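Summary of the model geometry
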Amino acid sequence: MSKAFSSEVDAGSRKENASKQKSDYDVAVVGGGLLGSAIAWGLGRLGKSVAVLDEGDITKRASRANFALVWVQSKGLGMPAYTVWTVQASQAWGRLAEELKQQTGLDVSLQQNGGFHLTLGEEEFGQRTELVKRMHNQAGAADYKMEMLSASEVKKSLPLIGPEVSGGSYCPLDGHVNSLRTFRAFHTGFRAFGIDYFPERPVSAISRSGGEFRLTTPKGELRAAKIVLAAGNANQTLAPMVGLYAPMGPTRGQIVVTERTMPFLPHPLTTIRQTDEGTVMIGDSKEDELDDRALKHSISAVMTDRAQRMFPHLSRLNVVRSWAGIRVMPQDGFPIYDQSKTHPGAFVACCHSGVTLASNHAFEIARMVAQGALEPELVGAFSASRFGAAGAANNSGY
Ligand SMILES: Cc1cc2nc3c(=O)[nH]c(=O)nc-3n(C[C@H](O)[C@H](O)[C@H](O)COP(=O)(O)OP(=O)(O)OC[C@H]3O[C@@H](n4cnc5c(N)ncnc54)[C@H](O)[C@@H]3O)c2cc1C
């Protein structure tokens, strides 16, 4: 039987726990989306006993609504440390995909042969050129190796582009993955590592006494020596319970999916990618809204129109699916990784780009949590102390 909640634990294991004076788990991870799953998997990999507490399958999860890019170019303008963190994630993704495959047999279909951001017309080309320059000139930023290409140069890699494409930027570090399969692989890996996953256990209160954390859920209390808050936008509410701060400003995105078609897109784009299964995903909208129940067809129309102008043959395809999702978005757009001064052993982790950063969460954040302290040289820039008392201005850090 797995270790479980105080109200459910059998008398024998309760006695055993009491005699050892040991918490139920080394680490409790709150939130079972991509972030919580990657960190929990990474902790299990290091031999820690881990519980993941999640709300359940009906909740809003960015991890089930995303576009699945492992993306580097254009990330980190205004925070050079984020460029370094993103490049590191991109470089470690291959190792993550390989380890997941070895462990679970699941191929997450990582493709990392570079990605494009295409422009339509000269004005967009000029704006993109300016962005590439600003990224390049940012002191302390990692070298993204991002370059602007003319339409004829782009055509060598993407022969089916239409006449309206004026060119675009290319970054060899960019790629994409099957995000849902990655999610599944982490959860399959949980079983191999003996990690306990508890759905329908929303955490409503957290306290710390006797050197351990007690997490209140509708099905009882769970005790752990350390906790990681990885509850997406809900971190805003949970973090203050343990002296942490996670100001969020979530945004909504829409995605359109076509029927399967012949392989035609050998590299992903910021706004269009062909999945390993042959469908074409069109995405990248951004609205300051939190309701994901209804689709806005006016937004889908703009996205699909641009996609058809980039690749005219897409107009022959039927749309088979479409959805809206709420992003996890710290207020300035950059990740928040922090540890509590008042509640030692409590950590918070939230970010946009949880697909891209999954390798860092699995390998680096998990390692630091296991060691008991975040490393300032690696993630110090992401402390929520950057927001100061006044909070943060909305930005487009991602
Ligand atoms: C449209 C769209 C496109 C995107 N495209 C990309 C992309 O191309 N590349 C990329 O890298 N990223 C992308 N993202 C972002 C990425 O999906 C997110 O960064 C990532 O999924 C965040 O994972 P998470 O685990 O933090 O959040 P979620 O997936 O939201 O998970 C949070 C979990 O916490 C649980 N929870 C909440 N409150 C509690 C509580 N009190 N107790 C217990 N559990 C709780 C929830 O039930 C949920 O399961 C995109 C997102 C969207 C919406």
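First things first, this report covers the structure right here in the doc. Note that residues are indexed from 1 along each chain, following the sequence as it is written. Owing to the predicted nature of the model, reporting of local features is limited to residues with pLDDT of at least 70; listing and counting of side-chain atom pairs is limited to 80 or more, with chain, interface and lining totals taken over all residues. Derived side-chain values reflect all non-hydrogen atoms in the structure, with water molecules and hydrogen atoms excluded from consideration.

Turning to the pairing of strand β1 (residues 25-30), a few remarks are in order. With respect to burial, β1 is a largely interior element, five of its six residues being buried. Two strands pair under a simple rule: DSSP has to find at least two bridges between them. Under the scheme used here, helices are H or I runs from DSSP no shorter than 4 residues and strands are E runs no shorter than 2 residues, and both carry numbers assigned from the N terminus. Where β1 meets strand β11 (residues 220-229), five bridges bridge the pair, whose relative direction is parallel. When the sheet's bridge partners are listed, V30 is paired in β11 with L229. Here β1 runs beside strand β2 (residues 50-53); their pairing, made up of four bridges, is parallel. When the bridges of β2 are listed, V27 appears paired with V50. Orienting the strands away from the viewer, one traces the path from the first strand over the helix to the second; a clockwise path indicates a right-handed crossover. In this view, the connection linking β1 to its parallel neighbour β2 by way of helix α2 (residues 34-45) has right-handed handedness. For the exposure calls, accessible area comes from a 1.4 Å probe over protein chains only, and a residue counts as buried if that area is under 20% of its type's maximum, exposed if over 50%, partly exposed in between.

So, on to unusual backbone geometry. The backbone phi angle of S109 is positive, close to 55°, even though this residue is not glycine. Assignment of secondary structure puts S109 in the loop between α3 (80-104) and β4 (115-120). You will see that S353, though not glycine, has its phi angle at about 65°, which is positive. For S353, the position within the fold is in the loop between β17 (346-350) and α9 (358-371). Of the residues examined, S353 reaches a relative accessible area of 9% and is grouped as buried.

Once that is clear, we can look at the nonpolar core. Nonpolar core, defined: a set of buried Ala, Val, Leu, Ile, Met, Phe, Trp, Tyr and Cys residues in which side-chain atoms within 4.5 Å join the residues together. If you look at the biggest cluster of nonpolar residues, it comprises 49 residues, and the most contacted ones within it are V29, L43, L96 and Y337. Those elements that place two or more of their residues in this core are β1, α2, β2, α3, α6 (179-193), β17 and α9. Here, two residues are considered to be in contact whenever any of their heavy atoms come within 4.5 Å of each other. Contact partners of V29, with chain neighbours within four places excluded, come to G36, A40, L43, V50, A51, V52, L53, V228 and A230.

Near is defined per residue: the residue qualifies when any heavy atom it owns lies within 4 Å of the molecule or strand. Neighbouring residues of the ligand: 38 residues in total, closest D54, R61, S63, G354 and T356. Counting of polar contacts relies on pairs of N or O atoms within 3.5 Å, with two restrictions inside protein: one atom must be capable of donating a hydrogen and the other of accepting it, and residues adjacent in sequence are counted only when both atoms are side-chain atoms. In the environment of the ligand, an oxygen atom lies 3.3 Å from a nitrogen or oxygen atom belonging to the backbone of A68. Within the contact set of the ligand, an oxygen atom lies 2.8 Å away from a backbone nitrogen or oxygen of G354. Here the open area of atoms and residues is found with the Shrake-Rupley method and a 1.4 Å probe, where only the protein chains shown may cover a residue. Burial of the ligand by the surrounding chains reaches 95%, relative to a free accessible area of 1,000 Å². Its residues placed into classes, the shell around the ligand shows 19 nonpolar, 13 polar and six charged. Under the scheme applied here, ten amino acids are nonpolar (Ala, Val, Leu, Ile, Met, Phe, Trp, Tyr, Cys and Pro), four are charged (Asp, Glu, Lys and Arg), and all others, including Gly, are polar.

Let us look at the packing of α3 against α6. Here an angle of 0 to 180 degrees is reported between the N-to-C directions of two axes, which are lines fitted to C-alpha atoms, with helices fitted over the stretch in contact. Remark: α3 packs on α6, axes separated minimally by 9 Å, with the N-to-C direction vectors making an angle of 55°. Between α3 and α6, the crossing angle belongs to the class labelled oblique. Handedness of the α3/α6 crossing: left-handed. Residue-level inspection shows W93, L96, L100, Q103 and T104 of α3 in contact with α6, the latter providing T182, A185, F186, T188, G189, A192 and F193. When grouped by side-chain class, the residues that make up the contact of α3 with α6 number seven nonpolar, five polar and no charged. When an angle is under 35 degrees it counts as roughly parallel; over 145 it counts as roughly antiparallel; between 65 and 115 it counts as roughly perpendicular; any other value is oblique. Rotating anticlockwise by less than a right angle from the far helix to the near helix defines a left-handed crossing, while the corresponding clockwise rotation defines a right-handed one.

What follows deals with the sheet that holds strand β14 (residues 280-282). Strand order in this open sheet of four strands is β13-β14-β12-β15, and the pairing throughout is antiparallel. Edge positions in the open sheet fall to β13 (272-274) and β15 (319-326), since each of these has one partner strand only. Taken pair by pair, the neighbouring strands of this sheet meet at an average axis angle of 20°, ignoring direction. Inspection of the sheet shows β13 paired to β14 by three bridges, in the antiparallel sense. The residue of β14 that forms the bridge with R273 is M281. Set on the sheet, helix α8 (residues 297-310) makes contact with β12 (252-258), β13, β14 and β15; between it and β12 the angle comes to about 50°.

The salt bridge criterion pairs a side-chain nitrogen of Lys or Arg with a carboxyl oxygen of Asp or Glu, the two atoms within 4 Å. Here the structure, examined in full by the defined rule, presents 18 salt bridges. Measuring nitrogen to oxygen at the nearest pair gives 2.7 Å for the salt bridge that ties R386 to D332. Of this pair, R386 sits in the segment after α10 (376-379) while D332 sits in the loop between β15 and β16 (336-339); the two residues are 54 residues apart in sequence, bridging distant segments of the chain. Taking relative accessible area as the criterion, R386 reaches 25% and is therefore assigned partly exposed. With a shortest N-O distance of 2.5 Å, R367 and E364 are connected by a salt bridge. Taken as a pair, R367 and E364 lie in helix α9 at a separation of three residues, close to a single helical turn. Overall, E364 belongs to the buried group, its relative accessible area being 15%.

Looking now at the sheet that holds β4. Taken in spatial order, the three strands of this open sheet run β4-β6-β5, and their pairing is antiparallel. Edge positions in the open sheet fall to β4 and β5 (147-150), since each of these has one partner strand only. Taking the axes of each pair of neighbouring strands and ignoring which way they run, one obtains an average angle of 25° across the sheet. Pairing of β4 with strand β6 (residues 165-171), which is carried by six bridges, proceeds in the antiparallel orientation. Within β6, the residue paired with T119 across the bridge is G167. The strands touched by helix α4 (residues 121-137) within the sheet are β4, β5 and β6, with β4 carrying the most contacts at an inclination of about 140°.

Below, the discussion takes up α9. With 14 residues, α9 extends 19 Å from end C-alpha to end C-alpha; this agrees with the ideal 20 Å at 1.5 Å per step. Approximately 30° is the largest bend angle found in α9, and it occurs at I365. Within α9, twelve of the 14 residues are buried, leaving the element largely enclosed by the surrounding structure. Among the residues of α9, A358, S359, N360, H361, A362, F363, E364, I365, A366, M368, V369 and A370 are the ones counted as buried. Taken from the residues just after α9, G372 is the one with a positive phi, measuring 100°. To estimate the expected span of a helix, subtract one from its residue number and multiply by 1.5 Å. We define the bend at each residue as the angle formed by axes fitted to the 7 residues ending at it and the 7 residues starting at it.

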